Amino acid sequence: MSMPEGGDATKGAKLFKTRCAQCHVVEAGQPHKVGPNLHGLFGRTSGTAEGFSYSAAMTKKQVKWDENQMFTYLENPKKFVPGTKMVFAGLKKPADRADLITYLKEATA
């Protein structure tokens, strides 16, 4: 599934704060929370953030994160990676996913 063009980073930042920040951080050097620090996410292989204890399913998935992989993953994480520890149900609206990814691309670079 391809990510649509035109995500809004400002809307994505609000989504991150309300839906993701309980478990994740994006700033370099910050400690992991319940979920891994997302700094450097794009281009990284799933299950490889140093110092985080991933599920076997996430480590085995071996997906290289890009916009399109993340777009599919965020719709339904448990379908994309059966057995993941992530309890997030997903973002069903394509525009919400595009906004969040646009924010993440800026915030995690």
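Residues numbered from 1 in each chain as written. Predicted model: local features only at pLDDT ≥ 70, side-chain atom pairs only at ≥ 80, totals over all residues. Heavy atoms only, no water.

Peer 1: Run through the environment of Phe16, naming residues and quoting values.
Peer 2: Looking at where Phe16 falls in the secondary structure, it is placed in helix 1 (residues 9-20). For the pair formed by Phe16 and Gly47, sequence separation is 31 residues and the distance between their alpha carbons is 20 Å. Contact partners of Phe16, with chain neighbours within four places excluded, come to Ala21, His24, Val25, Val26, Leu38, Leu100, Tyr103 and Leu104. (Helix = DSSP H or I, 4+ residues; strand = E, 2+ residues; numbered from the N terminus. Contact = heavy atoms within 4.5 Å.)

Peer 1: Just give me the short version of the environment of Leu104, but keep the residues and values in it.
Peer 2: Structurally, Leu104 is set in helix 5 (residues 94-107). Not counting chain neighbours up to four residues away, the residues in contact with Leu104 comprise Phe16, Val26, Leu38, Phe42 and Ala109.

Peer 1: Tell me about the pattern of salt bridges, and please be specific about residues and values.
Peer 2: Summed over the entire model, instances satisfying the criterion amount to one salt bridge. A salt bridge links Glu67 to Lys105; its shortest N-O distance comes to 3.4 Å. Taken together, the positions of Glu67 in helix 3 (residues 67-75) and Lys105 in helix 5 put the pair 38 residues apart, joining distant regions of the chain. Note on Glu67: relative accessible area 32%, which makes it partly exposed. Classification of Lys105 as partly exposed rests on a relative accessible area of 36%. (Salt bridge = Lys/Arg side-chain N within 4 Å of Asp/Glu carboxyl O. Buried < 20%, exposed > 50% of the residue type's maximum accessible area, 1.4 Å probe, protein only.)

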